[in-house]
Amino acid sequence: MAEAAAELWAQQARTASGSRGVFRVALSGGRTPELLFGLLTEERFQSLPWEKTEVFWVDERYVPYDDQESNYRLARESLLDRVPILKESIHPMPTGSGDPARDAAAYEALLRGRFPGQSWPSFDLCLLGLGEDGHTASLFPGGPELAERHGWVAASRSPKGVADRLTLTMPVLLGSRLRLLLACGRGKSAVVKAVLGPVADPPLLPAQMVWHGEGRGVFLIDQEAACRVAPTSQ
Ligand code: 6PG
């Protein structure tokens, strides 16, 4: 799964930097992307256009950047400190004002400056994980921020772990050129089955909204996470 994700990242990076001169990627946190980040530091990916890569975040736990829970710390230690990306091209979500809503607005202002004149940001790659409750990014089932249709960044509350979060909103996720949803491990098998299942009546799980939404999405799951899903006929 991580190998396929790395190849997709490489393909998007080369295409975007070739056609638009920049590859803009939004990263999720959690454990799943760690394998992918490690692969991208290997010699065979050193030729990627790192100097034309701009890194943003899909979501962040509202903790200091050096906190063990920080998505920024995870990406910095497992990837960004180990590839020749320009420091000024790394845009972590701010978590220092003490007011998540205020920092969400500050990040939205940063994004509007990086995507000038656009009604929505268009990330070349939006890297997403999948929570066992069907959340993705830090958009949680039943969360009020799921209904946000105008703002680009919202403050949200997680029912588990670090409560205060910042997150890109659903329209931003769906507006990405490519959404890459990753899930691994048997613990995700039930939610993978739910996400791939029939689209029942609302309220859909946030990850279902991403998977069934318009635009281009890829859902990479390992064998363990796929164990409840019947193999598709070839
Ligand atoms: C976060 C993530 C979140 C994550 C899922 C899966 O900040 O926690 O962005 O959406 O992707 O919770 O987490 P794991 O990869 O650790 O299972």
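Everything discussed here concerns the structure shown above.
All values reported here derive from a predicted model rather than from experimental measurement.

Caption draft 1: Representation of the sheet that holds strand 2 (residues 53–57) within the structure. Strand order in the open sheet made by the 5 strands is 2-1-4-7-8, with parallel pairing throughout. Either end of the sheet is taken by a strand with one partner, and the two such strands are strand 2 and strand 8 (217–221). With strand direction ignored, the average angle separating the axes of adjacent strands in the sheet is 20°. With 5 bridges connecting them, strand 7 (residues 179–183) and strand 8 associate as parallel partners. Note that in strand 8 the partner of leucine 180 across the bridge is valine 218.

Caption draft 2: The side chain of glutamate 108, seen in detail. Following the sequence through the fold, glutamate 108 ends up in helix 4 (residues 100–114). Within polar-contact distance, the side chain of glutamate 108 engages the backbone nitrogen of tryptophan 152 at 2.8 Å. A distance of 3.2 Å separates a polar side-chain atom of glutamate 108 from the backbone nitrogen of valine 153. If we ignore the near neighbours within four places in the chain, the residues touching glutamate 108 are Gly151, Trp152 and Val153.

Caption draft 3: Main features of the site of the ligand. In the vicinity of the ligand, 15 residues are found, and the nearest of them are Arg31, Thr32, His135, Ala137 and Lys188. For the ligand, an oxygen atom lies 2.7 Å from a polar atom in the backbone of arginine 31. For the ligand, an oxygen atom lies 2.6 Å from a polar atom in the backbone of alanine 137. For the ligand, the accessible surface in isolation is 410 Å², of which the surrounding protein chains cover 92%. Across the shell around the ligand, the residue classes tally to 2 nonpolar, 8 polar and 5 charged.

The rules behind these values
Residues numbered from 1 in each chain as written. Predicted model: local features only at pLDDT ≥ 70, side-chain atom pairs only at ≥ 80, totals over all residues. Heavy atoms only, no water. Pairing = 2+ DSSP bridges. Helix = DSSP H or I, 4+ residues; strand = E, 2+ residues; numbered from the N terminus. Axes fitted to C-alpha atoms, helices over the stretch in contact; angles between N-to-C directions. Polar contact = N/O pair within 3.5 Å; in protein donor to acceptor, adjacent residues only side chain to side chain. Contact = heavy atoms within 4.5 Å. Near = heavy atom within 4 Å. Areas by Shrake-Rupley, 256 points an atom, 1.4 Å probe, with all protein chains shown as cover. Nonpolar A, V, L, I, M, F, W, Y, C, P; charged D, E, K, R; others polar.

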